[in-house]
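Descriptive analysis of the structure
One-letter residues, chain by chain:
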Amino acid sequence: MAPTCPSSNPQQTRSKSICQLFCRYCQNNVCNKGMRALLLADNRIELFSTDMPPMMRIQLVGTDYTTRSCRCKIRNVACLGCGNEVGYHITQPCAECLKACNNGHFWMFLTENVYPIEIKTPETTTALPWPVHTSDIELDEPNLLSCQDAVCR
């Protein structure tokens, strides 16, 4: 039997808004399409996540590591503006986490290291809800979509 996922409820997903994320240390934009999320291993921990690799904004640093809660391979990410670590990337999800309820987001940003600014719709100035297609967001990097395709395959 497939797991029952609260996050798969369309109403709950739609209630989340899309935000840009900025480094708390240098105010560099580190993500154009993020959302608030809860850590799968401990849903008391709030963070930000994205399903879109934030190319030309952050860099993987150090080597992969694992945590006590699962066997996912994780690597920290740093802001390209100042070099401070702002989150992590799940470079190889473990089988347990892939079977569990998840949203497919493998780029995580720590709330203590980034701050959000909600993206508003131009017509109504209301928060843009998740999910939204990447083409619905104006990106300032013209080659970002082609870079994303290369990374995801």
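Because the structure is predicted, anything quoted here is derived from the model rather than measured.

**Looking at the overall build of the protein chain**
When helices and strands are tallied, the protein chain shows three helices and eight strands. A burial count over the protein chain gives 36% of its 153 residues as buried. Counting contacts in the protein chain only where the partners sit at least 6 residues apart, residues at least 24 apart contribute 52% of the total. Of the accessible surface of the protein chain, which amounts to about 9400 Å², a share of 52% is contributed by carbon and sulfur atoms.

**So, the pairing of strand β6 (residues 85-92)**
In this sheet, β6 lies alongside strand β5 (residues 73-79) in antiparallel orientation, the contact comprising six bridges. Bridge pairing links Arg 75 to His 89 in β6. Turn length for the β5-β6 hairpin, with the two strands adjacent in sequence and antiparallel, is five residues, and the turn residue Gly 83 shows positive phi of about 90 degrees.

**Side note on the nonpolar core**
Membership of the largest hydrophobic core comes to 13 residues, with the highest contact counts inside it found for Leu 21, Val 30, Phe 48, Ile 58, Val 86, Phe 109 and Val 114. No other element matches the three residues that strand β1 (residues 19-23) contributes to this core. If sequence neighbours within four positions are ignored, Leu 21 has contacts with Asn 28, Asn 29, Val 30, Cys 31, Gly 34, Phe 48, Phe 109, Val 114, Tyr 115 and Pro 116.

**What to know about the pairing of strand β2 (residues 29-38)**
Here β2 lies mainly inside the structure; eight of its 10 residues are buried. In terms of strand pairing, β1 meets β2 through three bridges, oriented antiparallel. Looking at the pairing, Phe 22 lines up with Asn 29 of β2. From the end of β1 to the start of β2, which pair antiparallel, there are five residues, and Gln 27 there has a positive phi angle of about 65 degrees. For β2 and strand β3 (residues 46-50), the ladder comprises four bridges, and the chain directions are antiparallel. Paired with Arg 36 across the two strands is Phe 48, which belongs to β3.

**What to know about the side chain of Asn 76**
For Asn 76, the position within the fold is in strand β5. On the basis of relative accessibility, which here comes to 19%, the residue Asn 76 falls in the buried class. Separated by 2.7 Å, the side chains of Asn 76 and Tyr 65 make a polar contact. Polar contacts involving the side chain of Asn 76 include one to the side chain of Glu 85, which spans 3.0 Å. Sequence-distant contacts of Asn 76, defined by excluding residues within four places in its chain, comprise Gln 59, Leu 60, Val 61, Tyr 65, Glu 85, Gly 87 and Tyr 88.

**Re the pattern of salt bridges**
Considering all chains together, one arrives at three salt bridges under this definition. A salt bridge links Glu 46 to Arg 36; the shortest N-O distance between them is 3.6 Å. Of this pair, Glu 46 sits in strand β3 while Arg 36 sits in strand β2, placing them 10 residues apart in sequence. Note on Arg 36: relative accessible area 41%, which makes it partly exposed. One salt bridge connects Arg 75 with Asp 64, and the closest N-O pair in it is separated by 2.9 Å. Placement of Arg 75 in strand β5 and of Asp 64 in strand β4 (residues 58-65) is noted, with a sequence separation of 11 residues between them. Residue classification places Asp 64 among the partly exposed positions, given a relative accessible area of 32%.

Parameters at a glance
Residues numbered from 1 in each chain as written. Predicted model: local features only at pLDDT ≥ 70, side-chain atom pairs only at ≥ 80, totals over all residues. Heavy atoms only, no water. Helix = DSSP H or I, 4+ residues; strand = E, 2+ residues; numbered from the N terminus. Buried < 20%, exposed > 50% of the residue type's maximum accessible area, 1.4 Å probe, protein only. Contact = heavy atoms within 4.5 Å. Areas by Shrake-Rupley, 256 points an atom, 1.4 Å probe, with all protein chains shown as cover. Pairing = 2+ DSSP bridges. Core = buried A, V, L, I, M, F, W, Y, C linked by side-chain atoms within 4.5 Å. Polar contact = N/O pair within 3.5 Å; in protein donor to acceptor, adjacent residues only side chain to side chain. Salt bridge = Lys/Arg side-chain N within 4 Å of Asp/Glu carboxyl O.

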